[in-house]
Amino acid sequence: MSRHTLVNEFMNRVETHSPNQTEFHQAVRHVAQDVITIEKAHSGYTAAKVLDRLAEPDRVIGFRVVWQDDAGETQVNRGWRVQYSDAIGPYKGGLRFHPTVSPSILKFLGFEQVFKNALTGLPLGGGKGGADFDPTGRSDAEIMRFCHAFMCQLAPFIGPDRDVPAGDINVGTREIGWLFAAYKAHALEFTGALTGKGASFGGSQIRTEATGYGLIYFVQAMLAEQGADLAGKRVAISGKGNVATHAAEKAVEAGAHVITLSDTSGTLVAEDGIDAATIAWVRARKQAGEDISHPPEDTKARYVAGAMPWEQDVDIALPCATQNELDKDMAKALVDQGTQIVAEGANMPLTSDAIDIIANGGLLHAPGKAANAGGVAVSGLEMSQNSHRRYATAEEVDADLKQIMKRIHARAADEGRSGNRIDYSKGANIAAFRTVADAIAAMGAI
Ligand code: GLU
């Protein structure tokens, strides 16, 4: 049977079992295309039906979150935790608070997390959670009450050896502090059941920076493979959050020109590169819940309403905002401009059409599960620090992060090399699949 037929048969089963979950189908199809023949060629994987098992999370926990807003009105939201796979370690993955959060989104993110976490080389299973709560326009007190109410429901299901959530979109160090306090009150124990904590209560150095910094370390490894480096390269970045601003900061430090950052309404553009002070301004505006449409007068950056970062002439594109943010027209624009590398800071930021166009256009494409794994990798280091109760310095964590990103690059490159081309997406999927499949196959039919 051809690979195409195998994938279609498999996807028919997935789509029947999980109807209407389009983002989930998209994520599973991408992996299945790359690994289905690996499964078929390995009798242990075939007998264990690894792919069919991985197309179903271990469990999806859903709950109601009730809280009171500042006006004293009762509010009702929906929360979930997808405990996707604990084959190689406790469930691990972030919590996202956003109106778009749904079981489909969390299942796709949990599925991706299983592979991403396996690539780090650390003993981390995969999970994801969150709520359809929109913090935009909410007061600090309202967000705190929501975090406490959310954790009140989630706490019975997590723990340092069971499931260790962290942050994701709209869940940063501040929210993790509130969530951790509620967890601790429930468990009557001070344990590292969440990562991304503040440094004064068990957080790791560099955790906040890790996803963005790790993305740049990954791109540096891709460039080193070609005997090149970041100095003088023109880089477009989308997003204005934690990943985007820390990637921008590290890229500027390495001598690149960061031409853009963006939000949902437009793009901040500086033809000669956004400077460090403007990146810090963007971060502060985001943290304060304010827009970036009026940059300070003394910066060369201007805000272009309605524009996308991918309209700029750049060598490297780093989508760091959210899923499916870069579609086929934008992918065509990148190919036409001669962009060489697309590396994903966000999870699944390219539509399926965009991925095909980028690949056919000869660009190198680093998938999020490899390129943005730095965040969860430092979360893994935070778990170790919590367990042995000794804390590493920022320099030590940064050195570990660099090593981990280099190792992930090497694994993805080794599995994805064919002649002098590297298919990073395929390489990452195969490397991660082997790790998880070995564990699943070894455990029997359970
Ligand atoms: N939300 C991040 C991710 O997408 C980090 C997860 C974690 O640290 O557990 O990988």
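For the structure, see preceding data.
Residues numbered from 1 in each chain as written. Predicted model: local features only at pLDDT ≥ 70, side-chain atom pairs only at ≥ 80, totals over all residues. Heavy atoms only, no water.

**Observations concerning the site of the ligand**
Selection criterion: Put simply, a residue is near a molecule or strand once any heavy atom of it comes within 4 Å of that molecule or strand. Whenever a nitrogen or oxygen atom comes within 3.5 Å of another N or O atom, the pair is scored as a polar contact, on the condition that within protein one atom can donate a hydrogen and the other can accept it, and that pairs from neighbouring residues in sequence are kept only if both atoms are in side chains. The protein chains shown are the only cover counted for residues, whose accessible areas, like all others here, come from Shrake-Rupley with a 1.4 Å probe. Numbering goes from the N terminus for both helices and strands, where a helix is a DSSP run of H or I of at least four residues and a strand is a run of E of at least two. Ten residue types, Ala, Val, Leu, Ile, Met, Phe, Trp, Tyr, Cys and Pro, are classed as nonpolar, four, Asp, Glu, Lys and Arg, as charged, and the remainder, Gly among them, as polar.
As a structural note, the neighbourhood of the ligand is formed by 14 residues, with Lys92, Lys116, Gly167, Asp168 and Ser379 the closest of them. At 2.9 Å, a side-chain N or O of Arg207 approaches an oxygen atom of the ligand. Asn347 places a side-chain nitrogen or oxygen 3.2 Å from an oxygen atom of the ligand. Protein chains bury 94% of the 300 Å² of accessible surface belonging to the ligand in isolation. At the level of secondary structure, the elements contributing two or more residues to the shell around the ligand comprise strand 3 (91–97), helix 5 (103–119), strand 5 (163–167) and helix 14 (374–388). Classifying every residue of the shell around the ligand gives 2 nonpolar, 7 polar and 5 charged.

**Points about the side chain of Asp263**
Note the threshold: Buried, partly exposed and exposed residues are distinguished by accessible area as a fraction of the type maximum, computed with a 1.4 Å probe on protein chains only: under 20%, between the cut-offs, and over 50%, respectively. Contacts: residue pairs with any heavy atoms within 4.5 Å of one another.
Locating Asp263 in the fold gives a position in strand 7 (residues 257–263). By relative accessible area, Asp263 is classed as buried at 16%. A polar contact is formed between the side chain of Asp263 and the backbone nitrogen of Ser265, at a distance of 3.0 Å. Engagement of the side chain of Asp263 in a polar contact is seen with the side chain of Tyr303, the distance being 2.6 Å. For Asp263, the residues in contact, after removing those within four places along its chain, are Lys240, Asp291, Ile292 and Tyr303.

**Details of the pattern of salt bridges**
Operational definition: Here, a salt bridge means any Lys or Arg side-chain nitrogen found within 4 Å of an Asp or Glu carboxyl oxygen.
Evaluation of the coordinates by the stated rule reveals 21 salt bridges. Between Arg96 and Asp168 there is a salt bridge, and its shortest N-O distance comes to 2.6 Å. Placement of Arg96 in strand 3 and of Asp168 in the loop between strand 5 and helix 7 (173–187) is noted, with a sequence separation of 72 residues between them. Across the pair, exposure class does not vary: Arg96 and Asp168 are buried alike. For Glu175, the salt bridge identified is with Arg174, shortest N-O distance 2.9 Å. Residue classification places Glu175 among the buried positions, given a relative accessible area of 8%. Salt bridges sharing common partners tie together Arg96, Lys128 and Asp168.

Geometric values such as these leave the question of function open.
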